[in-house]
Amino acid sequence: MSMAGQPGRPGDDGDGDASVVVDTKPKTKRPPLYKVLLLNDDYTPMEFVVHVLERFFGMTHAQAFEIMLTVHKKGVAVVGVFSHEIAETKVGQVMDFARRHQHPLQCTMEKE
Ligand code: TYC
């Protein structure tokens, strides 16, 4: 008995010609985003953290102070979300700046 005219599998329109045109969606994927996190410690001065947030994350003084306080109270906060390359650059800038000023401030990134 012929199976023509009885579609079942994806791409099989049942006309018996074994069509392979299945995937018509453009499969472009958005690049993953990364959260940049600032960690609390007992030694880095609050004003230094505020300055870091203004300087490297474009925050106003008020925004920077608020985020700094969140980190101080909660232990960690997301300070921005970026592409992998930009996130890596920000983390590097913060870590380098903190090291040059001999503060133990830690900045990391994680996939969103
Ligand atoms: N806890 C620090 C202090 O009391 C301030 C601080 C805030 C440090 C945020 C790091 O990411 C940080 N001086």
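Coordinates for the structure precede this section.
Let me sum up the structure you'll find in this document. (Residues numbered from 1 in each chain as written. Predicted model: local features only at pLDDT ≥ 70, side-chain atom pairs only at ≥ 80, totals over all residues. Heavy atoms only, no water.)

## Digging into the overall build of the chain
The criterion, for reference: Per the convention used, a helix needs a DSSP run of H or I reaching at least four residues, while a strand needs a run of E reaching at least two, with both numbered from the N terminus. The buried label applies to any residue whose accessible area, calculated with a 1.4 Å probe on protein chains only, is under 20% of its type's maximum; exposed applies above 50%, and partly exposed to all values in between. Throughout, a residue-residue contact means that at least one pair of heavy atoms, one from each residue, lies within 4.5 Å. Only the protein chains shown count as cover for residues, and the accessible areas themselves come from Shrake-Rupley with a 1.4 Å probe.
From N to C terminus, the chain includes 3 helices and 3 strands. Listing the helices and strands of the chain from first to last along the sequence gives β-α-α-β-α-β. Buried positions account for 27% of the 112 residues belonging to the chain. Sequence separation of 24 or more characterises 65% of the internal contacts of the chain that already satisfy a separation of 6 or more. Here the chain has roughly 8100 Å² of accessible surface; of this, 55% comes from carbon and sulfur atoms.

## Examining the sheet that holds strand S1 (residues 34-39)
Convention followed: Strand pairing is assigned whenever DSSP detects at least two bridges linking the two strands. Note on method: axes are straight lines fitted to C-alpha atoms, helices fitted across the in-contact stretch only, with angles between N-to-C directions ranging 0 to 180 degrees.
The 3 strands lie next to each other as S2-S1-S3, forming an open sheet whose pairing is antiparallel. Each of the sheet's edge strands pairs with one partner strand only, and the pair in question is strand S2 (76-82) and strand S3 (106-111). Strand-to-strand twist in this sheet, taken as the mean axis angle between neighbours without regard to direction, amounts to 30°. Bridge count between S1 and S2: 6 bridges; the pairing is antiparallel. When the bridges of S2 are listed, leucine 37 appears paired with valine 78. Contacting S1 and S2, helix H2 (residues 61-74) crosses the sheet at an angle of about 135° to S2. Across the sheet, helix H3 (residues 84-100) lies against S1, S2 and S3, angled at about 165° from S3, the strand it touches most.

## Some words on the site of the ligand
We apply this condition: One heavy atom within 4 Å of a molecule or strand makes the whole residue count as near it. Polar contact is defined as a pair of N or O atoms within 3.5 Å, subject to the rule that within protein one atom must be able to donate a hydrogen and the other to accept it, and that residues adjacent in sequence are counted only when both atoms are side-chain atoms. Each residue gets one label: Ala, Val, Leu, Ile, Met, Phe, Trp, Tyr, Cys and Pro are nonpolar, Asp, Glu, Lys and Arg are charged, and the others, such as Gly, are polar.
Around the ligand lies a shell formed by Leu38, Leu39, Asn40, Asp41, Thr44, Met46, Val49, Met68, Val71, His72 and Leu105. Take leucine 39: an N or O atom from its main chain is 2.8 Å from an oxygen atom of the ligand. Across the complex, the protein chains shield 89% of the 350 Å² of accessible surface that the ligand would expose by itself. For the shell around the ligand, the secondary structure elements donating two or more residues are S1, helix H1 (46-57) and H2. Counting residues per element, the shell around the ligand draws most heavily on H2, which supplies 3 residues. Looking at side-chain class alone, the shell around the ligand contains 7 nonpolar, 3 polar and 1 charged residues.

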